[in-house]
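The primary structure of each chain is shown beneath.
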Amino acid sequence: MAVDVLLGLQWGDEGKGKIVDVLAPKYDVIARFQGGPNAGHTLEFDGIKHVLHQIPSGIFHSSIINIIGNGVVLDPIIFKKEVEALSKYNVDINGRLFISKKASLILPSHSQLDAAYESSKGEKKIGSTLKGIGPTYQDKVARLGLRVGDILSPDFKAKYNALKEQHLKILEFYNYVHDFSEKEEAFFKAIDFLKDCQLIDSEYVINKHIKSGAKILAEGAQGSLLDIDFGSYPFVTSSNTTAAGACTGLGIAPGNIGEVYGIFKAYCTRVGSGPFPTELLEETGERLRQVGHEFGATTGRPRRCGWLDLPALKYAIMINKVTSLFMMKGDVLTDFNPLKICTSYSVDGKPTDELPHDLINSNYSPVFSDFSGWNVPINKIKTYEAFPKEVHQYISFIEKEVNVPINLISTGPDRSETVLKDFK
Ligand code: GDP
Ligand code: IMO
Ligand code: MG
């Protein structure tokens with residue numbers, strides 16, 4: 001059976017966690033393919049809100065197998081905390097959560113390096129989550145990194161010390177030497193905890209599942225505009241957040257990819273630094289932030305808000321070959337009138353619907369169209385037909401522009417606040 005992929009099409013926080021949880025009952029396996037604790041995936045049901053960082057969002061369904069793939073960078077300390085938080089809700093990971101031995105390990109010194117690099121950049125900082133993501137992927141590519149499987153080796157401590165020594169030299173160079181011995185203590189406790197977890201050769205396991213006809217959903221983190229190659233570089237994360245990342249991050253051949261579900265908010269948000277063409281810096285942006293509770297699930301930072309950006313959405317759809325779109329947080333737009341959508345860019349005075357390769361230094365501006373807003377709450381609506389005509393107009397316009405159907409409309413954070421439209 002083919003593997004379906006679910007990913008964010010904007011700058012992250014589109015609502016991936018909610019939708020993976022909603023779709024999970026259709027699947028046997030949910031597998032995370034990249035990113036790490038920089039992600040914050042929120043799920044809500046039975047009046048309780050859960051935030052997952054590294055554990056796949058299928059974990060609340062007892063019959064589903066969850067896999068943390070080789071493309072993920074794993075922080076053992078945060079992982080242990082996540083598992084402990086789950087156990088409070090009687091969610092047992094035994095037999096339900098498996099971790100690739102090839103996933104990269106985030107060391108305490110990686111978070112130090114993240115902070116050192118960020119502070120050295122001053123005004124130009126990325127606004128990273130400071131979870132050590134960039135430095136860990138750097139070590140992976142430099143062929144220096146440690147992987148989950150290494151913790152089983154008798155000389156793990158020696159390997160750890162050798163890498164830490166290298167990090168300390170860099171930290172000295174950056175004049176950023178702080179005591180992190182407490183964190184190291186927690187790290188080794190968490191490593192012992194991890195040793196007792198189910199560590200697997202995930203590429204074999206996943207391919208066996210594919211062969212046996214199991215239904216698999218690959219869960220992305222971040223969003224396409226944060227992709228290391230295609231995002232708003234250098235203001236991006238350090239992994240391939242796009243569909244191709246599911247292949248390399250899980251060991252799935254491209255021919256085994258099935259549906260690609262692309263999630264987008266009915267508007268845009270971004271947390272951290274970097275270009276944001278449709279950003280609203282005035283009262284409307286603040287209103288979106290308040291109504292949409294746009295504060296980061298991982299860092300609590302306020303998210304920057306702006307109108308929907310169609311050229312950026314089309315770009316993400318193209319890169320990922322999205323087969324089905326899910327529109328999130330339409331309920332937040334209630335009472336905003338008129339609504340605006342950026343339909344093209346003006347680059348050096350010429351209209352285009354392609355993004356300039358450099359969103360920082362190019363001479364461009366977004367071109368907007370106005371749409372009538374809806375003035376009624378839509379979170380209790382259960383069928384597509386029951387939405388006000390303005391919602392239909394908004395959705396039909398996007399579908400026509402991007403030429404991909406919107407098959408799911410999310411109208412609130414809870415599992416139940418989800419409307420399907422021609423969804424197979
Ligand atoms: P993720 O990182 O893509 O999983 O998204 P986050 O969890 O970081 O951010 C999405 C936020 O929006 C969370 O607080 C969700 O509970 C919330 N959310 C998801 N879908 C909807 C929706 O349709 N309407 C509203 N109002 N909130 C939503
Ligand atoms: P989810 O999976 C939103 C942003 C950071 C920063 C940039 C680089 O919840 O959608 P990093 O720590 O990765 O080096 O930071 O990427 N960022 C996210 N923004 N949602 C996320 O994940 C993010 N993960 C990283 O704010 O701008
Ligand atoms: Mg998030």
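Nothing here was measured: the structure is a model prediction, and the numbers come from that model.

1. Topic: the environment of His-209
When you line up the elements, His-209 lands in helix α7 (residues 202–212). Relative accessible area serves as the criterion here: at 18%, His-209 is assigned to the buried category. Along the backbone, His-209 and Val-404 are 195 residues apart, and their C-alpha atoms lie at a distance of 29 Å.

2. Comments concerning the pairing of strand β10 (residues 216–223)
Burial of β10 is extensive: eight of the eight residues sit out of reach of the surface. Summarising the sheet, strand β2 (residues 29–32) and β10 pair through four bridges and their orientation is parallel. Across the sheet, residue Ile-30 finds its bridge partner in β10, namely Leu-217.

3. Comments concerning the side chain of His-50
Residue placement: His-50 occurs in strand β4 (residues 48–52). Judged by its relative accessible area of 8%, His-50 falls in the buried class. In contact with His-50, other than residues within four places in its own chain, are His-41, Thr-42, Leu-43, Phe-45, Phe-60 and Tyr-89.

4. Points about the site of ligand 2
With respect to spatial proximity, 21 residues lie near ligand 2, and among them Asp-13, Lys-16, His-41, Thr-129 and Thr-237 are the closest. Between ligand 2 and the protein, one listed contact pairs an oxygen atom with a backbone N or O atom of Asp-13 at 2.8 Å. In the model, an oxygen atom of ligand 2 is placed 3.4 Å from a nitrogen or oxygen of the Gly-127 main chain. In isolation ligand 2 has 550 Å² of accessible area, and contact with the protein removes 97% of it. Looking at side-chain class alone, the shell around ligand 2 contains eight nonpolar, 10 polar and three charged residues.

5. What about the packing of helix α5 (residues 156–173) against helix α6 (residues 181–195)?
For any two helices packed against each other, one specifies the crossing angle of their axes together with the interaxial distance. Following both chains from N to C, one finds α5 and α6 inclined at 145°, their axes separated by 13 Å at the closest point. In the packing of α5 onto α6, the handedness of the crossing is right-handed. Residue-level contacts link Phe-156, Lys-157, Tyr-160 and Lys-164 of α5 to Glu-184, Phe-187, Phe-188 and Ile-191 of α6. Grouping the amino acids of the contact of α5 with α6 by side-chain chemistry returns five nonpolar, no polar and three charged.

6. Here we look at the coordination of the magnesium ion (ligand 3)
Protein coordination at the magnesium ion (ligand 3): the donors are Asp-13 (OD) and Gly-40 (O), at 2.1 to 2.2 Å from the metal. Of the two residues, Asp-13 is situated in the loop between β1 (3–8) and α1 (16–23) and Gly-40 in the loop between β2 and β3 (41–45); the sequence distance between them amounts to 27 residues. When its relative accessible area of 23% is taken as the criterion, Asp-13 is described as partly exposed. Taking the relative accessible area as the measure of exposure, Gly-40 reaches 11% and is therefore buried.

Basis of the calculations
Residues numbered from 1 in each chain as written. Chains lettered and ligands numbered in written order. Predicted model: local features only at pLDDT ≥ 70, side-chain atom pairs only at ≥ 80, totals over all residues. Heavy atoms only, no water. Helix = DSSP H or I, 4+ residues; strand = E, 2+ residues; numbered from the N terminus. Buried < 20%, exposed > 50% of the residue type's maximum accessible area, 1.4 Å probe, protein only. Pairing = 2+ DSSP bridges. Contact = heavy atoms within 4.5 Å. Near = heavy atom within 4 Å. Polar contact = N/O pair within 3.5 Å; in protein donor to acceptor, adjacent residues only side chain to side chain. Areas by Shrake-Rupley, 256 points an atom, 1.4 Å probe, with all protein chains shown as cover. Nonpolar A, V, L, I, M, F, W, Y, C, P; charged D, E, K, R; others polar. Axes fitted to C-alpha atoms, helices over the stretch in contact; angles between N-to-C directions. Left-handed = near helix turned anticlockwise from the far one by under 90°. Donors = N, O, S within 2.8 Å, 3.2 Å for Na, K, Ca; no water.

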